[in-house]
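So you can see what is in the structure, the chains are spelled out below.
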Number of protein chains: 2
Amino acid sequence: MTDYRQMWSDLGMDLEKHDQLTGALPLVYETVYLKQPNRPRAMEYFDLVVAEIHSLRIAELVEHRRRGGKVCGAFCVFVPVEIIRAAGAIAVGLCGGSQFWIPDGEKVLPRNLCPLIKASVGARLSGTCPYFQSCDLLIGETTCDGKKKAWEVLNNFAPVYVMDLPQMKRPRDLVAWREEVGLFLDKMEELTGRRVTPERLAEEIQLQNRLRRTLERLYAARKADPVPVSGKDVLLVTQVSFYDDPRRFIEKTEALAAEAEARIAAGEGVFSPGAPRILVTGTPMAIPNWKLHHIIETAGAAVVCEETCTGTRFFEHQVDEAGRTLDEQLQALAERYLKINCSCFTPNPGRIEDILRLVKEYRADGVIYYNLQFCHGYAVEYYAVEKALKERGIPVLKVETDYSEEDTGQLRTRVEAFLEMLR
Amino acid sequence: MTDYRQMWSDLGMDLEKHDQLTGALPLVYETVYLKQPNRPRAMEYFDLVVAEIHSLRIAELVEHRRRGGKVCGAFCVFVPVEIIRAAGAIAVGLCGGSQFWIPDGEKVLPRNLCPLIKASVGARLSGTCPYFQSCDLLIGETTCDGKKKAWEVLNNFAPVYVMDLPQMKRPRDLVAWREEVGLFLDKMEELTGRRVTPERLAEEIQLQNRLRRTLERLYAARKADPVPVSGKDVLLVTQVSFYDDPRRFIEKTEALAAEAEARIAAGEGVFSPGAPRILVTGTPMAIPNWKLHHIIETAGAAVVCEETCTGTRFFEHQVDEAGRTLDEQLQALAERYLKINCSCFTPNPGRIEDILRLVKEYRADGVIYYNLQFCHGYAVEYYAVEKALKERGIPVLKVETDYSEEDTGQLRTRVEAFLEMLR
């Protein structure tokens, strides 16, 4: 442990404050994760990742930088990590999911802003997140007003590059996005001083496709009844995918998927047969935000799918691997990433089609619409989603919340009442 | 009056509810406007406009449509009204400024959304706004998350066309915006069935330039000390500019500006000499939102300038009139409109430059940053604006509010304390 303290200190971290942050995690993790009955054995790896969340992977980043490599942090599933890695840099996800970082975020941002944004900025300002501290460049994007403007504030404390995402999905918007992806490649080459070759980019495209397909495989196992792995566990796996070494992550997740498939073959599951099956849709859940899943699953229901950025939006659709030139590859990347149905697009009918399809595929009994407070995009889009679900007789509950525990009791009551209705 | 009731009924309005809306206005207007001492005589016209707000101008719209003309409603200063008018349609501003419309807006939109958006959508749903009822097409834009997504909801109740505004101001964004302006021209031609000729567009460019210059002239008079016209009065004039007949508006506003200039020559003003001079910056104030100005000016200070969309952002910068072809004219329009420094752009340093320049030009003693609740763009941008002002020793007060009267007492106390500090 002494070594890690030196490492954190070298990263310019506030050690005392960091102790406060990490001191609370083991107990929370014990309650939320380790007490789950009948967990797959392959979850051991992910338990280890959490236990060593600020040490093992950080040591890898430090070593990479010691050898002259760069590290880039991103906050959104629209950032094409294939390009970051093809330029020789490591990509890590930086979205903040802890209430711990909110007060520091609120020093520079309005209080009535989405907790994910406040926590992300607060993580940087507090000096308690070694991932932030390890980044040579932060990659922002223009998906929502809060993030778009928060990057300007964050830029006072760390270098930020912003990708401009289109707001519509017309043919001309794909052209603009293709150009933006090209500008991003230029930026990565400038940062790392390395040329991105078609060979390297092809490797990374294949690797990220494999990573996404691995999650697809794991998620497919959740379609079984009884479900072989809890929603909480799969959420954790998805959260870890954003910052783990991709090859190791694939190996460990394939093992988990194989174990889940063996359970299905044996008719084994983690919830009692007939337990309500819930599809969660809405805003992302950054680690360690397990709040809603914990409430749902301790109330006896299973979360079987997440139509969120920490769910299907992250791994559905693969990049066409046929491209041989950089131009073809960038086009393929642009096309794949623009298929993500985020509420930042207007209109966004694809998301409703996705939700209806996923409800069917995952045999969900009901939908919980998860809205981080003050996220206007998803909050306004609820109108259309609710309409589509109600027209088809699919029960839906809207939950708007932040990272605090203040409303946990009230949320639990509402979720339990909703589940009661489904039985 | 009977005729107007028939007209409103023909427009599909809810007459009973409309009576509730208009019933309260005379008393409010009496208190906020008519009791001001020493008002310019030329304000009589604007008093009449308010008194007949749902009748005189509406009768003109009805007559225009009877003769086969179209009416378009817009919600943003980025919509190039020159093109609407060159296609033979009438353009009206539709932003809602009344608390009356909030409950109807909240039937389809989240409660924690900007009141301007909720009131605008609520005005349509309530069937109490004859401007909305007179529109053949609503023109939305992608300036903020709330509006961008609210158009999707509104589109369930009325036809909406959305202009996609860039989120940055790089050369390539100007190119994209120029194309968007071209698409808008196509849409207007399709709606009206009339070709936009360079001659007609030139006329409308000149007319709108004249209208903006007229406001520029009126605002210039406010640079004098004592100020010859109140902030409340100028705010009303600007609000009226969005839906009045442009030629009549120019004539009446020129008369007001001339009267204000005569007062300056005579050393006359509407506030006592040495009264604190306030620059208001931030979010727009749609009619009849006079809340903050009323608080400031009844506390003895003068609002001398608004760096808002119902202020300088609306009228600064003119369209280059040299263009002879449609292509040149559309380019000139795109360039002019993209000069507006809205917080929807990232980064947006031009707005800070504007504020610092306007503080100097209008000899402001302090700045009040006006933020409609839940408007993330302006709320987050406060960080940079506050920093720039404080570095220069310019006092600033941030006010975040909605349309309700609930916080009026508290706001008054805060504003008075701020003004006390300036004396």
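Residues numbered from 1 in each chain as written. Chains lettered and ligands numbered in written order. Predicted model: local features only at pLDDT ≥ 70, side-chain atom pairs only at ≥ 80, totals over all residues. Heavy atoms only, no water.

Caption draft 1: Representation of the pattern of salt bridges within the structure. Taken as a whole, this structure holds 90 salt bridges over all chains when the rule is applied. A:Glu391 is the partner of A:Arg392 in a salt bridge, and the nearest nitrogen-oxygen pair spans 3.8 Å. Residue A:Arg392 is classed as partly exposed on the basis of its relative accessible area, which comes to 48%. Since its relative accessible area comes to 58%, A:Glu391 is described here as exposed. Notably, a salt bridge pairs B:Glu106 with B:Lys118, separated by 2.9 Å at the nearest N-O pair. Here B:Glu106 is found in the loop between helix H6 (102-105) and helix H7 (115-126), whereas its partner B:Lys118 is found in helix H7, with 12 residues between them in sequence. (Salt bridge = Lys/Arg side-chain N within 4 Å of Asp/Glu carboxyl O. Buried < 20%, exposed > 50% of the residue type's maximum accessible area, 1.4 Å probe, protein only. Helix = DSSP H or I, 4+ residues; strand = E, 2+ residues; numbered from the N terminus.)

Caption draft 2: Region of the structure containing the sheet that holds strand E4 (residues 160-163) of chain B. Residue and element names in this part refer to chain B. Within the open sheet, the four strands sit side by side as E2-E1-E3-E4. Their pairing is parallel. Single-partner strands in this sheet number two, and they are strand E2 (90-93) and E4. Direction aside, the axes of adjacent strands within the sheet are offset by 30° on average. (Pairing = 2+ DSSP bridges. Axes fitted to C-alpha atoms, helices over the stretch in contact; angles between N-to-C directions.)

Caption draft 3: Structural context of the confidence of the model for chain A. Confidence in the prediction of chain A, expressed as mean pLDDT, is 97, and 100% of residues score 70 or more. This complex was scored by the predictor with a pTM of 0.97 and an ipTM of 0.97. (pLDDT = per-residue confidence, 0-100.)

Caption draft 4: How the structure looks around the packing of aromatic side chains. For the structure on display, the rule yields 29 aromatic pairs over all chains. An aromatic cluster of at least three residues, connected via ring pairs, comprises A:Tyr29, A:Tyr33 and A:Trp290. The cationic tip of A:Arg222 hangs over the ring face of A:Tyr219; the distance from NZ or CZ to the ring centre is 4.7 Å. Above the face of the B:Tyr337 ring, B:Arg336 is positioned so that its terminal group lies 4.7 Å from the ring centre. (Phe/Tyr/Trp six-rings, centres within 6.5 Å; stacked < 30°, edge-to-face > 60°. Lys NZ or Arg CZ within 6 Å of the ring centre and 35° of its normal.)

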